[in-house]
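Chain by chain, the residues:
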Amino acid sequence: MRISGAKNAALPIMAAALLTDQPCRLENVPRLADVDNSIAILTELGASVDRGAENTLTITAAGSIGSSVPYERARVMRASILFMGPLLARNGEAILAKPGGDDIGMRRVDQHVAGMVQMGASVDEDEGNFICRAEHLTGADILLDMPTVTGTENLMMAATLADGQTTISNAAREPHIADLAHALNTMGARISGAGSDRIEVEGVARLGAGNHRVCPDYLEAGTYAIAVAATGGEVMLVDFPAVDLRSLVTKLRMAGVLVEVEAEGVRVRREGPIRPVDLITWTHPGFATDLQPQYTALMTQAAGTSVIQEFLFENRFNYVSELNALGANIELFPHRRGIRVHGPSALRGNAVTIPDIRAGAALMIGAMCAGGGTTLSGVEHLDRGYEDMAGKLSQLGAQVREGAVRAVDSPGEAIAGAE
Ligand code: EPU
């Protein structure tokens, strides 16, 4: 099974296309609701977006581009904040709704704002919007309070066209940051250090045409690796970014899962009973918060108790009640930043509601482990983050029916041997 392009790389790179009036050709852009929403924002701002064959997208932002991101589109997708940097750099003005998206925690954007102000912008707020203005942006020496992912991306994009040099210290190191920097450098930006905690950007007067292949999605890859481990099967995952998934691979091996790099991809196979293995989420290269719910679903199948702690988002255990409704035995610590998972649980089908993308992936894994059919509602969350999940799960041997809701019949052994 082939891993798709990364949502969290594609979204900033699409916004970055506003930094030039020349065409930006992007390959390996996943077909997702969030990508469609970004296409709609770009189009409504005045850019032309052509979808080519095989997940190719060409974005051309020639001529006049609006400064105001449509409120209704921004409200439903937190990644809409990524238009702040490109619009400020291009138009000297960006008006955008305070972003919505998954309710997994407070999700502040003060670091985006502080960095833009350091580069010379003014940022005012009314009830629902940020109103940002800058006659011109000047390079700055920015130290982030925490390594925010979209904050690092926003500031990096704004800095490409600023006067002079910008340094971003305590920068986020997720793989999509380096991918965005590669894309910007194909457009003529001068960025070094992306992927480390110190990024340097030498501002240039203008950017030109771009040409970039979006990196594989380490979160999708991790999700399917965990799904196969949980259901006891085997799969060959092509385009599996093993280097970006070191922390997951380590945990899977400790839990008794074979993860082997071969010529055509990475083979994942459950070797025997799953062992309980504790974890804490951290910023990259630590264990990704976006894989924590799926990993919990795996631990429901482990023989013993595991402790899972969440460092980044205070509401990221919002799926626990639903996994328990499938028969899991998970206790939430009173401070809500950790859980104790007692396994192994014989999960059974039920009707559950998906609260966000990654919680949805965890519930899908739980549903595949369960005896009997499970009905999942809120599947629109999955469409935001997983390209053709129903099709890919069918490739793995699960039975997934689509409709207003999707029912998953336990594939049990059926997942075994699927490639
Ligand atoms: N934070 C602040 N101030 C800021 C920015 C962040 O206090 O200005 C805090 C947040 O409240 C949070 C922490 O810092 O506690 C980390 O937030 P970050 O800004 O890094 O998250 P993000 O950029 O909003 C991206 C991904 C998320 C992923 C997180 C963490 C995109 C589009 N989104 O969000 O992905 O969970 O990084 O890795 O890249 C998903 O794909 O399902 C998803 C939610």
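Provided above is the structure to which this section pertains.
Everything in this summary refers to the structure shown in the same document. (Residues numbered from 1 in each chain as written. Predicted model: local features only at pLDDT ≥ 70, side-chain atom pairs only at ≥ 80, totals over all residues. Heavy atoms only, no water.)

## Some thoughts on the overall build of the protein chain
When its secondary structure is counted, the protein chain shows 14 helices and 22 strands. The C-alpha radius of gyration computed for the protein chain amounts to 21 Å, which stays within 12% of the reference 22 Å derived for 419 residues, consistent with globular compactness. Dimensions of the protein chain, computed from the C-alpha atoms along their principal axes, are close to 60 × 45 × 40 Å. Looking at the protein chain as a whole, 59% of its 419 residues qualify as buried. Taking the contacts inside the protein chain whose residues are at least 6 apart along the sequence as the reference set, 70% of them involve residues at least 24 apart. When the accessible surface of the protein chain is summed, it comes to about 15300 Å², and 48% of that surface belongs to carbon and sulfur atoms. The centroid of the 35 positive side-chain charges in the protein chain is displaced by 3 Å from the centroid of its 50 negative side-chain charges. (Helix = DSSP H or I, 4+ residues; strand = E, 2+ residues; numbered from the N terminus. Rg over C-alpha atoms; globule rule 2.2 N^0.38 Å. Buried < 20%, exposed > 50% of the residue type's maximum accessible area, 1.4 Å probe, protein only. Contact = heavy atoms within 4.5 Å. Areas by Shrake-Rupley, 256 points an atom, 1.4 Å probe, with all protein chains shown as cover. Lys, Arg positive; Asp, Glu negative; His and termini not counted. Charge placed at Lys NZ, Arg CZ, Asp CG, Glu CD.)

## Brief notes about the site of the ligand
Among the 22 residues in the neighbourhood of the ligand, the closest are listed as Arg78, Asp110, Gln111, Thr148 and Thr150. Within the side chain of Thr148, an N or O atom sits 2.6 Å from an oxygen atom of the ligand. A distance of 2.8 Å is found between an oxygen atom of the ligand and a backbone nitrogen or oxygen belonging to Val149. Sorting the residues of the shell around the ligand by element identifies helix 1 (7-16), helix 5 (110-118), helix 6 (149-160) and helix 12 (357-369) as the ones contributing at least two each. The element contributing the most residues to the shell around the ligand is helix 5, with 3 residues. Broken down by class, the residue content of the shell around the ligand amounts to 8 nonpolar, 6 polar and 8 charged. (Near = heavy atom within 4 Å. Polar contact = N/O pair within 3.5 Å; in protein donor to acceptor, adjacent residues only side chain to side chain. Nonpolar A, V, L, I, M, F, W, Y, C, P; charged D, E, K, R; others polar.)

## Things to note about helix 2 (residues 33-45)
Taking 1.5 Å of rise per residue, 13 residues should cover 18 Å, and helix 2 covers 18 Å from first to last C-alpha, within 8% of that figure. When helix 2 is considered as a whole, its buried residues turn out to be Asp34, Val35, Asn37, Ser38, Ile39, Ala40, Ile41, Leu42 and Leu45. At its buried positions, helix 2 is contacted by helix 1, strand 2 (48-51), strand 3 (57-60), helix 3 (71-75), helix 4 (84-91) and helix 13 (380-385). Residue Gly46 follows helix 2 closely and has a positive phi angle near 115 degrees. (Expected span 1.5 Å × (residues − 1).)

## Some thoughts on the nonpolar core
Of all hydrophobic cores here, the largest spans 77 residues; its most connected members are Met156 and Leu184. Excluding residues within four positions of it along the chain, Met156 makes contact with Ile168, Ile177, Leu180, Ala181, Leu184, Ile191, Ile199 and Val201. Tyr224, Val259, Phe287 and Ala328 belong to the second-largest nonpolar core, a separate cluster that totals 68 residues. (Core = buried A, V, L, I, M, F, W, Y, C linked by side-chain atoms within 4.5 Å.)

## Brief notes about the sheet that holds strand 13 (residues 257-261)
Note: strands within a sheet are paired through backbone hydrogen bonds, in either parallel or antiparallel orientation. One open sheet accounts for 3 strands, arranged 12-14-13; its pairing is antiparallel. Every other strand in the sheet has two partners, leaving strand 12 (234-237) and strand 13 as the edge strands with one partner each. Averaged over all pairs of adjacent strands, the angle between strand axes in this sheet comes to 15 degrees, irrespective of strand direction. Direction of pairing for strand 13 relative to strand 14 (residues 266-270): antiparallel, over a ladder of 5 bridges. Across the sheet, residue Val257 finds its bridge partner in strand 14, namely Arg270. (Pairing = 2+ DSSP bridges. Axes fitted to C-alpha atoms, helices over the stretch in contact; angles between N-to-C directions.)

## A short note on the environment of Ile142
With respect to the helices, strands and loops of the structure, Ile142 is situated in strand 7 (residues 141-143). With 105 residues separating them in the primary sequence, Ile142 and Asn37 have C-alpha atoms 30 Å apart. For Ile142, the contacting residues outside a window of four places in its chain are Gly115, Gln118, Met119, Leu155, Thr166, Thr167, Ile168 and Ser169.

## Concerning the pattern of salt bridges
A complete count under the given rule lists 20 salt bridges for this structure. The salt bridge partner of Arg206 is Asp21, with a shortest N-O separation of 3.6 Å. One end of the pair, Arg206, is in the loop between strand 10 (198-202) and strand 11 (210-213); the other, Asp21, is in the loop between helix 1 and strand 1 (23-27), with 185 residues separating them in the sequence. The exposure class assigned to Asp21 is partly exposed, which follows from its relative accessible area of 37%. (Salt bridge = Lys/Arg side-chain N within 4 Å of Asp/Glu carboxyl O.)

## Observations regarding unusual backbone geometry
Across the junction of His284 and Pro285, the peptide omega takes the value 10 degrees, indicating a cis bond. By the element assignment, Pro285 lies in the loop between strand 15 (279-280) and helix 10 (292-299). The omega torsion across Gly343 and Pro344 is -5 degrees, close enough to zero to call that bond cis. Along the chain, Pro344 turns up in the loop between strand 18 (338-343) and strand 19 (351-353). One non-glycine residue, Asn55, lies in positive phi territory at about 60 degrees. Inspection of the secondary structure puts Asn55 in the loop between strand 2 and strand 3. Using a relative accessible area of 16% as the deciding quantity, one classes Asn55 as buried. You will see that Asp239, though not glycine, has its phi angle at about 70 degrees, which is positive. Tracing the sequence through the fold places Asp239 in the loop between strand 12 and helix 9 (246-254).

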